[in-house]
Amino acid sequence: MDLIKDGKRLDGRAPDELRPIKIEAGPLYRADGSCYLEWGGNKVVAAVYGPKEALPRHIQDSTKAVVNARYNMASFSVEDRKRPGPDRRSQEISKITSEALENVILTEMFPRAMIDVCIEVLDAEAGTRCAGITAAAVALADAGIPMRDIPVACAAGKVDGVVVLDLVGEEDKKGDADLPVAIAPRNEDILLLQMDGHMTPSEFDEALDLALKGCRTVSKLQKEALLKKYKTFEEE
Amino acid sequence: MERKIVIPGTLLGKTDGGKQGRGTFREGDNIYSSRLGIVEERSGYINVIPLSGVYDPVVGDAIIGVVEEASKMSWMVDIGAPYPAMLRVEEVPWRVEFGETSRFLKTGDVIVANVLFINEAKNIDISMRDKHCRKVDEGIIVEIQPSKVPRVIGKSGSMVSLLREGTGCWIFIGQNGRIWIKGKDNQVATLVEAIKIIEKEAHRSGLTDRISKFLKSKSESD
Amino acid sequence: MGISSVKRDYLYRLAKDGKRPDGRAFDEYRPIKIERGVINMAEGSAKVSIGNTTVLAGIKMDIGEPYPDTPEQGAMSTAVELIPLASPDFESGPPRANAIELSRVVDRGIRESKFIDLEKLCIESGEKVWIVFIDIHVLDYDGNLFDACSLAASAALLSAKVPNGRFEMGEDVPMPVGDPPISCTFVKYNGVIAVDPSLDEDEAAEARYTVAIDKNGDIRAMQKGLSGSFTVEEIKKNINTARVISKDIRKVLLED
């Protein structure tokens, strides 16, 4: 099956087109900060608790806060039910997500504390780790965690020899390469970067460029979501 | 500088245009916001007043704490910050013998205290030496987000005065978002409701009028 | 996680005056919101809010072997996840006793009311049957998870389909279901009994009682929890209250 026909992808998008994205800041009652995000068929909810005392004590860092992100997929979020609990893939994603977020959080302001970030994928359609980081970033800002920037993530890839933005299910499974990228949008510092597949260096340049373009668009949506929650202040 | 909402990473100004205040960070010559909040300039400092976030203690704050543990010469107190605070026997208005701490304050007791000292490692010391400090003996404690405390107090205390007059309750507001209320049951219930409204609509204008109307309608239906 | 002494004192004082912190009557339920079909990947799903408590149930189906003692019946399995997202007191890790009790009580309500017609889920007697996985994720905990989880499971099942298409067995058909059980939970504190506990009431509860009522007002399952006790009269009164309340909840559940 051709993944690209007449310049259009399986879902009708152009190669440089993003799936529709919807972001809501602060939907949860209990969490210190939260975000609900829909990205194509992905549905992700993120919640932040903290900063709070880091426990058990042995995980405390006397110089800064520990950032503990947990990425998890709900059993019903995928076609073949997933057994509950973290698998190796989730654990890896949790680790690189924590590391990406840690970069922008002013962790030195809270020694011996910890910040818990919970990312729950409720409905999955490829690109969940990017959706997760994007949602977590909004939840962190919503929770009042001091940060240098609001991280954003987006993936690009290669499908049928063509570099495309924001892979969807079939493209992810049958494509030639997948490149998720997370950045701190102000300086475009790379916070997360993974790749699997096969690309020439120039294809990589093209894909990275496309992913960054996607990140810039999504970054605007994050900002709008945060301001929207408090927009009535401006109605003065 | 107008009062507008900023997010982490928003450029606020240059270091030659103002001094770096709370809720900001510096990169080179630029001052940026580190928080989701309202930017304001005061006495040459550029500050961001956060719209959310846990309690960030400041020396001198009057707070309401819950005793977590009594040790031989001190108590550990939860003040709603990311760290428990220590209350040493030297800092209470009573004469406490060694090991007798739990006779005066035990786990679960609620107290009014001041933030005395915060060191670089964020170890917090509190004190009950000031006149208004005491053990909470009656009434109830309402918890709101610390970032909303200024709204409950209001400009020059205008909101808290309105709440006191409108309900007849006694109110003590801790900077850490905990509010101690004493009064008749139905007045307390009205006050709690009013405080919850303020918390929810803290960022909106015309709040004082709305609360005033709410309190009037409640007292008329009583 | 306990409740602070000041909160407990306030709760007890109000109870003595016949009041609850949110102004409800002791037999009054919070507003219920149900949204069905919210998860594309699931065979059935529902998001339920009772007050600020929100849970999400997803139904997934697979084909497997029946249990040896019920060769003509499909199988069902219920799991409630108390994910750390929903409360600062929930920890990640394998389900602890709370989650397990919730899962089993919700499961019993559905199983004993024969809500799912398990016989219609038999593909080949003794060899192949459908297995229904009911997974419930708590998203926001503000009291009364027993009823929220049960309601979400029922709502998800009501709009679920058997994915014949995905398994190349023909067209998808609706999940064979009958009448759902309606769960009603009470807590007891300082001598009063309140239905649909809010968070503070849940945390101050000395004893808890959940009963599942079917459409005829009959009892299908019960669970008493926590270390306090109920008198026989209190239990009977709870059942009567539940029979009345469940009628209204059933209306909300079954309206489109």
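All residue numbers here refer to positions counted from 1 along the written sequence of the relevant chain. Chains carry letters and ligands carry numbers; both start at the beginning, A for chains and 1 for ligands, and go up in the order they are written. Two thresholds apply to this predicted model, a pLDDT of at least 70 for residue-level local features and 80 or more for giving and counting side-chain atom pairs, whereas whole-chain, interface and lining totals are computed over all residues.

K.L.:
Whenever I open this one, the interface of chain C and chain B confuses me. Can you help?
P.N.:
One frequent convention defines the size of an interface as the accessible area lost when the parts assemble. Tallying the contact residues gives five residues for chain C and seven residues for chain B. Classification convention: Asp, Glu, Lys, Arg as charged; Ala, Val, Leu, Ile, Met, Phe, Trp, Tyr, Cys, Pro as nonpolar; all other residues, Gly among them, as polar. Its residues assigned to classes, the side of chain C that touches chain B shows two nonpolar, two polar and one charged. We call two residues in contact when their backbone-placed C-beta atoms lie within 7 Å.

K.L.:
Is there a simple way to think about the packing of helix 3 (residues 158-167) of chain B against helix 5 (residues 207-221) of chain B in this case?
P.N.:
In helix packing, the relevant descriptors are the interaxial angle and the interaxial distance, both defined with respect to the helix axes. Residue and element names in this part refer to chain B. An axis is simply a line fitted to the C-alpha atoms; with a helix, the fit covers only the stretch in contact. Between two such axes, the angle follows the N-to-C directions and lies from 0 to 180 degrees. Secondary structure elements follow DSSP: runs of H or I no shorter than four residues count as helices, runs of E no shorter than two count as strands, and numbering proceeds from the N terminus. Where helix 3 contacts helix 5, the two axes come as close as 10 Å, and the packing angle between them is 5 degrees. Here helix 5 runs roughly parallel to helix 3, going by the angle between their axes. Contacts from Ser158, Met159, Leu162, Gly166 and Thr167 in helix 3 reach Thr208, Ile211, Ser212, Leu215 and Ser219 in helix 5. Class assignment for the residues of the contact of helix 3 with helix 5 results in four nonpolar, six polar and no charged. Here the angle decides the label: under 35 degrees means roughly parallel, over 145 means roughly antiparallel, 65 to 115 means roughly perpendicular, and every other value means oblique.

K.L.:
Which parts of the structure should I look at to understand the packing of helix 2 (residues 97-112) of chain C against helix 3 (residues 145-158) of chain C?
P.N.:
Residues and elements named next belong to chain C. Packing of helix 2 against helix 3 brings their axes to within 10 Å, and their N-to-C directions diverge by 50 degrees. By the angle class used here, helix 2 and helix 3 are oblique. Helix 3 is crossed by helix 2, and the crossing has right-handed handedness. Here Leu102, Val105, Val106, Gly109 and Ile110 of helix 2 lie close against helix 3, whose contacting residues are Leu145, Phe146, Cys149, Ser150 and Ala153. Residues of the contact of helix 2 with helix 3, tallied by class, amount to eight nonpolar, two polar and no charged. Crossings are assigned a handedness: left-handed for a near helix turned anticlockwise from the far helix by less than a right angle, right-handed for a clockwise turn.

K.L.:
Looking at this model, I keep getting lost on the confidence of the model for chain C. Mind explaining?
P.N.:
Regions with low pLDDT carry predicted coordinates that are not meant to be interpreted in detail. Residue and element names in this part refer to chain C. Averaged over every residue, the pLDDT of chain C is 93; the share at 70 or more is 98%. Every residue is assigned a pLDDT by the predictor, reflecting its confidence on a scale from 0 to 100. Strand 2 (residues 44-50) holds the highest mean pLDDT among the elements of chain C, 98, whereas helix 1 (residues 5-16) holds the lowest, 85. On the interface metric, ipTM, the complex scores 0.88, and its pTM is 0.91.

K.L.:
Before we go on, may I ask you to explain the sheet that holds strand 9 (residues 182-189) of chain C in this structure?
P.N.:
Pairing between sheet strands relies on hydrogen bonds along the backbone, with the strands arranged either parallel or antiparallel. All names here are of chain C. Any two strands with at least two DSSP-identified bridges between them are counted as paired. One open sheet accounts for four strands, arranged 10-9-11-12; its pairing is antiparallel. Edge positions in the sheet fall to strand 10 (192-195) and strand 12 (219-225), since each has one partner strand and no second. The sheet shows a mean angle of 20 degrees between the axes of neighbouring strands, taken without regard to direction. Against the sheet, helix 2 makes contact with strand 9, strand 11 (207-213) and strand 12, and its axis sits at roughly 165 degrees relative to strand 12, the strand it touches most.

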